[in-house]
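# Close look at the chain arrangement
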Amino acid sequence: MRLHRLIRQWAVSYTEEGKYSPIGVWFHWIMAGLVLFQLGSGWLMARYPVGGSKLATYELHSELGLSILLLALLRFAWRLFIPDPINDADKPGWQSVVAHATVIVFYMLFALLPLSGWAMWSAIQPVEPLRIAGIVEIPPMPFHTLSPEWKYEVLRWARSLHVWGVIGLALLVPMHVGAALKHHFWDRDDVVRGILPEIPDDETAPDHRRYTPRVG
Ligand code: HEM
Ligand code: HEM
């Protein structure tokens, strides 16, 4: 059997039980952590006085931000390959429509924020190239050939797109987390369990994945 079929079969064994596969789960939590870090680091660096820490934070913010773009592309490809789990959130009604729309907007922001940030970085014409994880060098977008007036226009547009993206995330993340908490503590359904890493002796885990202590 082909490798991709085996991988799909493995992932579908989770999604058929209403859970994201471990790959989907780790994409979610690594990206959630990075996005929160980006919101904090961006907010801080924009307020630091000019100097060494501001520059270092800019570099970290930009390089991690570009990793989000790469992860988002991989995650999107994974989502196209593996169907979403069907869980208690998939009922007809406005809440399900809002949840699906939120996911679509999240993915748009995962592209818009890094791309507008990359455009800003390129219009400023950095001395040092950016590197994802300190290794893969990312060239600037070709704005350095523009006149100073156009460079300024690019910077202005990219900055306002970036800030609108930040406002979008800052509104959507609390809404999304609030909805998840409501599912877990109010509706007491399986939605949050589906995105949490599996605990081996979890009573709800299917038999073949449940941890059975060895006797003797
Ligand atoms: C998901 C990814 C990203 C998020 C959530 C994010 C978030 C933020 C936030 C919250 C700010 C502060 C805005 C303000 O208060 O004025 C900011 C500013 C900035 N970001 Fe990002 N960012 C991301 C990706 C990137 C990338 C990939 C780059 C560059 C390659 C970048 C470059 C910048 C720059 C240059 C600023 C300063 C803008 C200014 O104040 O003039 N960002 N970002
Ligand atoms: C910056 C933070 C976060 C972002 C950007 C984010 C983004 C996303 C995205 C894009 C999905 C769709 C699944 C996928 O594409 O893999 C998702 C699903 C989900 N997230 Fe988050 N998330 C964040 C934080 C959280 C937190 C803190 C919780 C829990 C308290 C949470 C709970 C969930 C749940 C339960 C689902 C599954 C929803 C369903 O199956 O309908 N998320 N999240």
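A brief structural summary. (Residues numbered from 1 in each chain as written. Chains lettered and ligands numbered in written order. Predicted model: local features only at pLDDT ≥ 70, side-chain atom pairs only at ≥ 80, totals over all residues. Heavy atoms only, no water.)

Attention now moves to the coordination of the iron atom of ligand 1. H61 (NE2) and H162 (NE2) make up the full set of protein donors to the iron atom of ligand 1, lying at 2.0 Å. Relative to the metal, the 6 donor atoms surrounding the iron atom of ligand 1 lie at angles of 85 to 180°, and the coordination shape comes out octahedral. Linking H61 in helix α3 (residues 52-81) with H162 in helix α5 (residues 148-187), this pair joins segments that are 101 residues apart in sequence. Just as H61 is buried, H162 falls in that class too. (Donors = N, O, S within 2.8 Å, 3.2 Å for Na, K, Ca; no water. Tetrahedral: all angles 85-135°; square planar, octahedral: opposite > 155°, others 65-115°. Helix = DSSP H or I, 4+ residues; strand = E, 2+ residues; numbered from the N terminus. Buried < 20%, exposed > 50% of the residue type's maximum accessible area, 1.4 Å probe, protein only.)

Surrounding the iron atom of ligand 2 are the protein donor atoms H28 (NE2) and H176 (NE2), at 2.0 Å. Given 6 donor atoms and angles of 88 to 180° at the metal, the environment of the iron atom of ligand 2 is assigned as octahedral. With a gap of 148 residues between them, H28 in helix α2 (residues 22-47) and H176 in helix α5 connect regions that are remote in the sequence.

This part covers α5. Each turn of an α-helix holds 3.6 residues, which means side chains three or four residues apart point in the same direction. For α5, which comprises 40 residues, the first-to-last C-alpha distance of 56 Å matches the rise-based estimate of 58 Å (1.5 Å per residue) to within 8%. Taken as a whole, α5 has its buried residues at K151, V154, A158, H162, G165, L169, L172, V173 and H183. Contacts from the buried residues of α5 go to α2, α3 and α4 (94-124). Two residues or fewer after α5 comes R188, characterised by a positive phi angle close to 50°. (Expected span 1.5 Å × (residues − 1). Contact = heavy atoms within 4.5 Å.)

Okay, the site of ligand 1 next. With respect to spatial proximity, 23 residues lie near ligand 1, and among them R47, H61, G117, R159 and H162 are the closest. In this structure, a nitrogen atom belonging to ligand 1 sits 2.8 Å away from a side-chain N or O atom of H162. At the level of elements, α2, α3, α4 and α5 are the ones that each hand at least two residues to the shell around ligand 1. (Near = heavy atom within 4 Å. Polar contact = N/O pair within 3.5 Å; in protein donor to acceptor, adjacent residues only side chain to side chain.)

Turning next to a nonpolar patch on the surface. A cluster of nonpolar residues, L3, L6, I7, W10 and I23, forms a patch on the protein surface that exposes about 430 Å² of accessible area. Among the elements that make up the nonpolar patch, the one with the highest residue count is helix α1 (residues 3-15) (4 residues). With respect to the element layout, L6 can be found in helix α1. Residue L6 is classed as partly exposed on the basis of its relative accessible area, which comes to 41%. (Patch = residues over 30% accessible without salt bridge, like charges linked within 9 Å, V, L, I, M, F, W, Y side chains within 5 Å. Areas by Shrake-Rupley, 256 points an atom, 1.4 Å probe, with all protein chains shown as cover. Salt bridge = Lys/Arg side-chain N within 4 Å of Asp/Glu carboxyl O.)

Scanning all chains against the criterion turns up 5 aromatic pairs. Seen from their ring centres, Y107 and F110 are 5.6 Å apart, and the 65° between their planes marks the pair as edge-to-face. Taken together, the residues Y107 and F110, both in helix α4 and 3 residues apart, mark about one turn of the helix. Residue classification places Y107 among the buried residues on the basis of a relative accessible area of 14%. Take F110: its relative accessible area is 8%, and that puts it in the buried class. Each member of the aromatic cluster is reached from another via a ring pair, and the members are F76, F106, Y107 and F110. (Phe/Tyr/Trp six-rings, centres within 6.5 Å; stacked < 30°, edge-to-face > 60°.)

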